[in-house]
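Coordinate analysis (summary)
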Amino acid sequence: MKKAVLRLDLHEEKAKKKAMKTVSRLPGVHSISMEMKDQKLTVIGDIDPVHIVAKLRKLCCTEIVTVEPAKEPEKQKEEPKKEEPKKQDQDLHITAYHYHYPHVVSVEEDPNAICVIS
């Protein structure tokens, strides 16, 4: 996993949306965040930053600021959950609704008849 920080020359919200959409469609992208104040886009995932820049340069001027290994989020210890006894009043009874479709049969006098229009 890599963390790539890119500087984009964006001034409009529409251009920001296009850039986010373009990067999100690339394979291997895990997360994307953008700071419009600093005009920086942070991309985390199994990605090639040069490939991202090549795609984004079609939209706006793009530069690579930093590329570094991404820090994996620390896993929190899961506490065992206490099971609460179920109360009979809180149990939900789900009733399946059935809709009756009428059965229609069409019977002709001669099922092998041929229709000729002249």
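Quick summary incoming for the structure in this document. (Residues numbered from 1 in each chain as written. Predicted model: local features only at pLDDT ≥ 70, side-chain atom pairs only at ≥ 80, totals over all residues. Heavy atoms only, no water.)

What follows is about helix H2 (residues 49-56). In an α-helix, one full turn covers 3.6 residues, which means residues spaced three or four apart are oriented alike. Among the residues making up H2, those that are buried are Pro49, Ile52, Val53 and Leu56. Burial along H2 is one-sided: seen end-on, the buried residues are contained in an arc of 100°. Elements that come into contact with the buried residues of H2 comprise strand E1 (2-8), helix H1 (13-24), strand E3 (40-45) and strand E4 (62-69). (Buried < 20%, exposed > 50% of the residue type's maximum accessible area, 1.4 Å probe, protein only. Helix = DSSP H or I, 4+ residues; strand = E, 2+ residues; numbered from the N terminus. Arc of directions from axis to C-beta. Contact = heavy atoms within 4.5 Å.)

Here the focus is the nonpolar core. Grouped together as the largest cluster of nonpolar side chains are 15 residues, with contacts concentrated most on Leu8, Leu41, Ile52 and Leu56. For this core, the secondary-structure elements that each account for two or more residues are E1, H1, E3 and H2. Among all residues touching Leu41, those that are not within four sequence positions of it are Ala4, Val5, Leu6, Leu8, Met20, Val23, Ile32, Ser33, Met34 and Leu56. (Core = buried A, V, L, I, M, F, W, Y, C linked by side-chain atoms within 4.5 Å.)

Mapped onto the fold, Thr42 is located in strand E3. The contact partners of Thr42, leaving out residues within four places of it in the chain, are Lys3, Ala4, Val5, Ser31, Ile32 and Ser33.

Turning to the packing of H1 against H2, a few remarks are in order. Contact pair H1 / H2: the axes reach a minimum separation of 10 Å and the direction vectors enclose 140°. Considered as vectors, H1 and H2 are oriented oblique to each other. Judged by the sense of rotation from one axis to the other, the crossing of H1 with H2 is right-handed. Contacts between H1 and H2 involve Ala19, Thr22 and Val23 on the former and, on the latter, Ile52, Lys55 and Leu56. Grouping the constituent residues of the contact of H1 with H2 by class yields 4 nonpolar, 1 polar and 1 charged. (Axes fitted to C-alpha atoms, helices over the stretch in contact; angles between N-to-C directions. Parallel < 35°, antiparallel > 145°, perpendicular 65-115°, else oblique. Left-handed = near helix turned anticlockwise from the far one by under 90°. Nonpolar A, V, L, I, M, F, W, Y, C, P; charged D, E, K, R; others polar.)

With that out of the way, let us pick up the pairing of strand E2 (residues 29-35). The side chains of a regular strand alternate between the sheet's two faces. Note that E2 and E3 share 6 bridges and pair antiparallel. From the neighbouring strand, Ser33 faces E3, where its bridge partner is Thr42. The hairpin turn running from E2 into E3, its antiparallel successor, is 4 residues long, and Gln39 in that turn takes a positive phi close to 55°. (Pairing = 2+ DSSP bridges.)

Once that is clear, we can look at a nonpolar patch on the surface. Judged by side-chain polarity, Val50, Ile64 and Val67 come together as a nonpolar surface patch covering roughly 250 Å² of accessible area. Locating Val50 in the fold gives a position in helix H2. (Patch = residues over 30% accessible without salt bridge, like charges linked within 9 Å, V, L, I, M, F, W, Y side chains within 5 Å. Areas by Shrake-Rupley, 256 points an atom, 1.4 Å probe, with all protein chains shown as cover. Salt bridge = Lys/Arg side-chain N within 4 Å of Asp/Glu carboxyl O.)

Right, let's get into the sheet that holds E4. What the 4 strands build is an open sheet, ordered E2-E3-E1-E4; its pairing is antiparallel. Each of the sheet's edge strands pairs with one partner strand only, and the pair in question is E2 and E4. Neighbour-to-neighbour, the strand axes of this sheet turn through a mean angle of 20°, independent of strand direction. Contacts from H1 reach E1, E2 and E3, with the element oriented near 165° to E2.

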